[in-house]
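Residues per chain, in single letters:
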Amino acid sequence: MALQEEEQQQRLLDERSVDLYEEDEEEGAYDYAEKVHVIGVNEGNEADEYYAKAPPFSWRKLWLFTGPGFLMSIAFLDPGNLEGDLQSGAIAGYSLLWLLLWATVIGLLVQLLSARLGVATGRHLAELCREEYPNWARLLLWVMAELALIGADIQEVIGSAIAIKILSHGLLPLWAGVIITALDCFIFLFLENYGVRKLEALFAVLIAIMALSFAWLFGETKPSGVELLIGVVVPKLSSKTIKQAVGVVGCIIMPHNVFLHSALVQSREIDNRKIGRVREALTYYSIESGAALTISFIINLFVTTVFAKAFYGSEQAYNIGLGNAGQYLQEKYGGGLFPILYIWAIGLLAAGQSSTITGTYAGQFIMGGFLNLRLKKWMRALITRSCAIIPTLIVALVFDTSEHSLDVLNEWLNILQSIQIPFALIPLLYLVAKEEVMGTFKIGTVLKIISWLVAALVMVINGYLLVDFFSSEGSGGIFTSVVCIFTAAYVCFIVYLVARGITFSNRLTTTGN
């Protein structure tokens with residue numbers, strides 16, 4: 001009986017995969033020639049042997065699958081996250097390290113679901129949304145994803161520009177740093193022409209630079225190991241640190257990263273018509289994603305504890321941002337062998353530069369997937385980069401001389417991205433539970449419940465952030481009316497997305513009975 005059920009599931013997977021392969025010939029995340037060849041895939045009898053079961057573990061294969069998870073992890077290390085880390089450490093000390101750990105675990109769960117969707121279907125999230133939702137909903141989801149991406153990109157590019165300004169002793173203003181960052185991004189994307197692995201190697205170098213820079217800061221400031229361990233293990237939360245706690249969780253899930261990871265996993269040659277090969281890919285991607293986010297957690301831990309040791313309980317705690325953080329560290333700990341200001345700037349530059357490249361990547365997939373564009377990749381990169389660089393240049397020109405104004409802008413950009421989280425999470429959870437899309441790899445009941453609870457928790461936390469932010473911004477009649485109208489439309493669209501998933505699930509249950 002179990003064998004018959006497995007054969008039936010395999011036939012369903014075969015039929016779905018054939019359709020997907022035909023569609024992929026028109027448009028896909030990667031061309032066949034761009035994909036990394038994995039040993040044993042589509043190679044004679046060996047491939048047939050592992051038609052329904054996964055091959056044995058291989059360290060060599062794990063190496064070949066390693067890459068997409070590290071590109072995905074960049075979003076956990078972007079300048080917006082670093083600012084959240086330093087403010088959390090300066091204001092809350094070591095007390096929110098446990099929350100940083102569990103927020104990373106939540107982020108890993110979401111990213112594994114995104115990878116599962118991409119591997120099992122051979123399509124990425126934006127493409128599937130285009131097919132699953134009516135035109136009005138699809139276009140609205142695309143607009144929301146683009147807004148989230150532009151908001152993230154402004155933070156990332158400004159972060160790089162701040163680092164360039166520090167390293168140039170202030171000779172290069174923010175707007176010049178923005179232009180340099182934009183040009184660098186195209187140069188790095190040019191590496192993709194030499195193969196996906198070359199680009200992944202570049203990201204590995206940038207992550208290593210971040211790790212070394214912030215580990216150096218950790219060594220210079222010497223945070224307390226005992227307090228660090230207690231902060232990670234013992235949950236603590238007070239009314240004074242609730243805003244920082246919400247910020248820690250809110251920074252972890254980036255809407256554009258959910259779209260990105262489902263596309264990145266397709267850079268490997270995977271025959272998703274064979275259950276065994278899909279299971280194998282999911283195993284290796286789970287391992288490398290877990291390793292990548294472990295490294296990102298350690299780097300975030302370094303930043304948080306450095307500023308907890310240096311500024312917790314001090315007068316400067318509530319005034320620290322990306323622009324002045326290095327200077328504050330320099331004043332407190334001096335020059336040393338290598339000025340601590342420049343160590344901070346080098347780490348910030350690596351974070352900003354790497355995250356702008358992944359943002360451009362995500363923009364290509366989001367635009368191509370939702371709109372089904374048949375443009376060359378460099379053209380899509382030019383369009384998506386321009387959408388972010390133009391508003392970023394305006395921001396740099398307007399806020400160049402005011403660090404406080406930049407911090408206020410950063411708060412607004414965090415709100416912008418918080419608003420967009422449901423429009424990436426809900427479609428993802430809806431699709432990974434849909435048998436017509438996932439076949440035998442749809443998530444089970446237990447994982448589905450856990451995923452929806454986690455999504456609800458993240459949305460409630462970000463809802464609190466929205467309410468707190470707008471209540472403190474103003475109470476005028478016009479402002480309140482605009483916020484109320486926006487909130488009503490926003491809630492209605494979320495209800496529509498949730499109701500669509502529930503309706504589909506009920507229809508499947510009725511059909512099964």
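What counts and what doesn't
- Each chain carries its own residue numbering, running from 1 in the direction its sequence is written.
- Residues qualify for local features only when their pLDDT is at least 70, as the model is predicted, and side-chain atom pairs are given and counted only at 80 or more; totals for whole chains, interfaces and linings, by contrast, use all residues.
- Note: side-chain values were computed over all heavy atoms of the structure, leaving out hydrogens and water.
- UniProt positions are given in the numbering used here, feature names are shortened, and annotations may be inferred rather than shown by experiment.
- Secondary structure counts use DSSP, requiring at least four H or I residues in a row for a helix and at least two E residues in a row for a strand, with both numbered from the N terminus.
- Only protein chains enter the calculation, and the probe is 1.4 Å; a residue is then buried if its accessible area is under 20% of its type maximum, exposed if over 50%, and partly exposed in between.
- Residue contacts follow a heavy-atom distance rule, with two residues in contact if any of their heavy atoms lie within 4.5 Å.
- Per-residue accessibility takes into account occlusion by the displayed protein chains alone, with areas from the Shrake-Rupley method and a 1.4 Å probe.
- Only the stretch in contact is used when a helix axis is fitted, and all axes are lines through C-alpha atoms; the angle between N-to-C directions ranges over 0 to 180 degrees.
- An angle below 35 degrees is treated as roughly parallel, one above 145 as roughly antiparallel, one from 65 to 115 as roughly perpendicular, and anything else as oblique.
- Crossings are sorted by hand: turned counterclockwise from the far helix by less than a right angle, the near helix makes the crossing left-handed, and turned clockwise it makes it right-handed.
- The classification used treats Ala, Val, Leu, Ile, Met, Phe, Trp, Tyr, Cys and Pro as nonpolar, Asp, Glu, Lys and Arg as charged, and all other residues, Gly among them, as polar.
- Ring geometry is summarised as follows: Phe, Tyr and Trp rings, the Trp one being its six-membered ring, pair when their centres sit within 6.5 Å, and such pairs are stacked at plane angles under 30 degrees, edge-to-face over 60 and tilted between the two.
- As a reminder, the over-ring test applies to NZ of lysine and CZ of arginine, requiring each to be within 6 Å of the ring centre and within 35 degrees of the ring normal.
- Given the number of residues in a helix, its expected span is that number minus one, multiplied by 1.5 Å.
- The predictor rates its confidence in each residue with pLDDT, a number between 0 and 100.
- A pairing counts as a salt bridge when a side-chain nitrogen of Lys or Arg comes within 4 Å of a carboxyl oxygen of Asp or Glu.
- Patch definition: residues with relative accessible area over 30% and no salt bridge; like charges joined within 9 Å; nonpolar side chains (Val, Leu, Ile, Met, Phe, Trp, Tyr) joined within 5 Å.

The name an unreviewed UniProt entry gives the chain is Metal transporter Nramp3-like, with Olea europaea subsp. europaea as the organism. UniProt's Sequence similarities (unreviewed entry) comment on the chain is quoted here verbatim: "Belongs to the NRAMP (TC 2.A.55) family." In UniProt, the chain has this text filed under Subcellular location (unreviewed entry): "Membrane".

(A) Quick peek at the overall build of the chain. Helix and strand counts for the chain stand at 22 helices and 0 strands. For the chain, buried positions account for 54% of its 513 residues. Look at the contacts in the chain between residues 6 or more apart in sequence, and 85% of them connect residues 24 or more apart. Here the chain has roughly 21,700 Å² of accessible surface; of this, 66% comes from carbon and sulfur atoms.

(B) Just the packing of helix α15 (residues 322-333) against helix α16 (residues 340-371), in detail. The geometry of α15 relative to α16 is characterised by a closest axis approach of 8 Å and an angle of 150 degrees between their N-to-C directions. When the interaxial angle is binned, α15 and α16 end up roughly antiparallel. By crossing handedness, the relation of α15 to α16 is classed as right-handed. Contact residues: α15 offers Leu322, Ala325, Gly326, Gln327, Leu329, Gln330 and Tyr333, while α16 offers Ile340, Leu341, Trp344 and Leu348. When grouped by side-chain class, the residues that make up the contact of α15 with α16 number 8 nonpolar, 3 polar and no charged.

(C) Spatial organisation of the environment of Pro255. Structurally, Pro255 can be placed in helix α13 (residues 255-264). On the basis of relative accessible area, Pro255 is assigned to the buried category, the value being 3%. On a C-alpha basis, the gap between Pro255 and Ala424 in space is 5.5 Å, while along the polypeptide they are 169 residues apart. Once you skip the residues sitting within four places of it in the chain, Pro255 turns out to touch Ala148, Gln417, Gln420, Ile421 and Ala424.

(D) Looking closely at the environment of Leu112. Along the chain, Leu112 turns up in helix α6 (residues 97-121). Each C-alpha atom of the pair Leu112 and Ser289 lies 7.6 Å from the other, and the pair is 177 residues apart in sequence. Not counting the four nearest positions on each side in its chain, Leu112 is found in contact with Tyr285, Ser286 and Ser289.

(E) Structural detail: the packing of aromatic side chains. All chains considered together, the criterion is met by 18 aromatic pairs. Ring plane angle 55 degrees and centroid distance 6.0 Å describe the contact between Phe311 and Tyr328, whose orientation is recorded as tilted. Taken together, the residues Phe311 in helix α14 (residues 275-311) and Tyr328 in helix α15 connect sequence positions 17 residues apart. Its relative accessible area of 1% is what places Phe311 among the buried residues. Above the plane of the ring of Trp63 lies Arg197, whose end atom (NZ or CZ) is 5.2 Å from the centre.

(F) Focus on helix α5 (residues 79-92). Between the first and last C-alpha of α5 there are 19 Å, a value that for 14 residues agrees with the 20 Å anticipated at 1.5 Å per step. Of all the residues in α5, the buried ones are Pro79, Gly80, Asn81, Leu82, Glu83, Asp85, Leu86, Ser88, Gly89, Ala90, Ile91 and Ala92. At the exit of α5 stands Gly93, carrying a positive phi of roughly 65 degrees.

(G) Main features of the confidence of the model for the chain. In the predicted model, the chain carries a mean pLDDT of 81, and the fraction of residues at 70 or more is 84%. Across residues 1-6, where pLDDT falls below 50, the model places 3 contacts with residues more than four positions away in sequence or in other chains. Throughout residues 15-26 the model reports pLDDT below 50, and contacts reaching past four residues in sequence, or to other chains, amount to 21 contacts.

(H) Fine view of α14. Over its 37 residues, α14 runs 53 Å from end to end, which matches the ideal 54 Å to within 8%, given 1.5 Å per residue. Remark: Gly313 follows α14 within two positions and exhibits a positive phi of approximately 85 degrees.

(I) Structural context of the pattern of salt bridges. Enumeration according to the criterion identifies 11 salt bridges in this entry. Of the charged contacts in the structure, one is a salt bridge between Arg273 and Asp271, with a shortest N-O distance of 3.0 Å. Lys274 is the partner of Asp271 in a salt bridge, and the nearest nitrogen-oxygen pair spans 3.6 Å. Taken as a pair, Asp271 and Lys274 share a single burial class, namely buried. Overlapping salt bridges, with partners in common, bring together Arg123, Glu127, Arg130 and Glu131 in one network.

(J) Structural view of unusual backbone geometry. Positive phi values are uncommon outside glycine, yet His169 reaches one of about 60 degrees. By secondary structure assignment, the location of His169 is in the loop between α8 (135-167) and α9 (174-190). A positive phi angle is found at Lys222, which is not glycine, with a value near 55 degrees. By the secondary structure assignment, Lys222 is in the loop between α10 (196-221) and α11 (225-233).

(K) Inspection of the side chain of Ser296 at higher detail. Mapped onto the secondary structure, Ser296 falls in helix α14. By relative accessible area, which is 1% here, Ser296 ends up buried. Leave out the neighbours within four places in its chain, and Ser296 touches Ser73, Phe76 and Leu77.

(L) Looking closely at the packing of α6 against helix α19 (residues 422-432). Viewed as axis vectors pointing N to C, α6 and α19 meet at an angle of 50 degrees, and their least axial separation amounts to 10 Å. Between α6 and α19, the angle falls in the class oblique. Our pair here, α6 against α19, has a crossing hand that is left-handed. Contacts between α6 and α19 pair Val110, Leu113, Ser114 and Leu117 from the former with Leu425, Leu428, Leu429, Leu431 and Val432 from the latter. Looking at the contact of α6 with α19 residue by residue, the classes come out as 8 nonpolar, 1 polar and no charged.

(M) Structural view of a nonpolar patch on the surface. Together, Trp175, Ile179, Leu183, Ile390, Ile394, Leu397 and Val398 give the surface a local cluster of nonpolar side chains, amounting to about 690 Å² of exposed area. Among the secondary structure elements, those contributing two or more residues to the nonpolar patch are α9 and α17 (377-399). Here the nonpolar patch takes 4 residues from α17, the largest share from any one element.

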